[in-house]
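Close look at the chain arrangement
This is what each chain is made of:
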Amino acid sequence: MADAKVIPFDEERRPRRRARRVRAVPEPAAPPGGEVRPPDGPGEAAVEPAVEPAPAAGGGWDRRIAGGLAFLRRRVTGEYEVDDFGYDKELTDQVLMSLLRPLYDKYFRVEVKGLENVPSEGGALIVANHSGTLPLDGLMLQVAVHDHHPARRHLRLLAADLVFMLPVVNELARKAGHTLACAEDAQRLLEAGELVGVMPEGFKGIGKPFGDRYKLQRFGRGGFVSTALRAGTPIVPCSIVGAEEIYPMVGNAKTLARLLGIPYFPITPTFPWLGPLGAVPLPTKWTIQFGEPIPTDGYPPEAAEDPMLMFNLTDQVREQIQHTLYKLLVQRRSVFF
């Protein structure tokens, strides 16, 4: 199999031109011995133009099959592009998003609010709460931005080291545009005008017990604020309701987690008692709300080294997310509806 073409990350991408199909309208046929003219009176009929035949049934499927075969040919021959981080836009758009979309639309029935707060262009850092035992909230957040933002933007999530240590998951994460949660990668993405997502709670948020649901954990040392300050990009707080209940974590087998080398081993009402069936998430109703962006371009370059400023901005983002979570919970009719 040929290697994919690697496109340098900071190389300017040229937009592809989309071909426009122009429908030809046939000229009206002239009657024998004369030219087409409008009727002179009520008793004289006009010559009707020829009607274009309807397309044959199954034309849509033909195009889909042809597109699928062309996609497979490009994958086999390596005629597709990836950036320096391994992001494969074509695979993400045509395959990964298609696999996640039914989960987003039909299973969790995600409702999105405040997308106008996400910039249509340029870099921005989306900071969201983290929950759910398994990181499905990050994937649903990615679908929300990709499918519902007017600019159809791609969200580049910063993921923990564990994600890139797992076979298969590592490759899929890279292909979907995710990268390691480190300041260097995040700043490089932001300066290149990318939309970056981070969940500062990390494993403390995703692995917290069910009794602590919707209570934000510590946001680390504010490294995400420092990165946004250096890049001069806005911070967009994001609150996610519904993910906490997909796997109600009522216990944690810490000894087993240490043996397996994972942060926690969840015990839920269905897992591990029902085996693989217990890994099916509950069909909760989700709401994702993006808050008003917090600008950072007005601060001087040395502001990223000011610990008090970073603490204040981190606390401001955390409080805004927590307040919105409580507001959404009050408005919610039911966990499942």
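One structure accompanies this document, and this report is about it. Here the structure is a predicted model, which is why all the values come from computation and not from measurement.

Attention now goes to the pairing of strand β4 (residues 124-128). Counting buried residues in β4 gives five out of five residues, a clear majority hidden from the surface. Of the two faces of β4, the one holding Ala124, Ile126 and Ala128 and the one holding Leu125 and Val127 are both buried throughout. Across four bridges, β4 lies against strand β7 (residues 195-198) in parallel orientation. Its bridge partner being in β7, Leu125 is matched across the sheet by Val196. Summarising the sheet, β4 and strand β8 (residues 235-241) pair through four bridges and their orientation is parallel. Bridging across to β8, Leu125 finds its partner in Ile235.

Once that is clear, we can look at the packing of helix α2 (residues 89-107) against helix α3 (residues 136-148). At a minimum axis separation of 10 Å, α2 and α3 run at an interaxial angle of 110 degrees. On the basis of the axis angle, α2 is roughly perpendicular to α3. Along its contact with α2, which presents Asp93, Met97, Leu100, Arg101, Leu103 and Tyr104, the element α3 presents Leu139, Met140, Gln142, Val143, Ala144, His146, Asp147 and His148. The residue makeup of the contact of α2 with α3, split by class, is eight nonpolar, three polar and three charged.

About the thresholds
- Counting of residues starts from 1 at the beginning of each chain's written sequence and follows it residue by residue.
- Per-residue local features are limited, in this predicted model, to residues with pLDDT of at least 70; the limit for side-chain atom pairs, both in listing and counting, is 80 or more; totals at the level of whole chains, interfaces and linings are taken over all residues.
- Only heavy atoms go into the side-chain values, all of them from the structure, while hydrogens and water stay out.
- The classification of residues rests on relative accessible area computed with a 1.4 Å probe and restricted to protein chains. Under 20% of the type maximum is buried, over 50% is exposed, and intermediate values are partly exposed.
- For the purposes of this entry, the term helix denotes a DSSP run of H or I that reaches at least four residues, the term strand denotes a run of E that reaches at least two, and both are numbered from the N terminus.
- For two strands to be treated as a pair, DSSP must find at least two bridges joining them.
- Axis lines are fitted through C-alpha atoms, for helices just across the contact stretch, and the angle between N-to-C directions can take any value from 0 to 180 degrees.
- Here is the rule for angles: anything less than 35 degrees is roughly parallel, anything more than 145 is roughly antiparallel, 65 through 115 is roughly perpendicular, and the remaining ranges are oblique.
- What makes two residues a contact is simply this: any of their non-hydrogen atoms within 4.5 Å.
- All residues other than Ala, Val, Leu, Ile, Met, Phe, Trp, Tyr, Cys, Pro, Asp, Glu, Lys and Arg, Gly among them, are scored as polar; the first ten of these are nonpolar and the last four charged.

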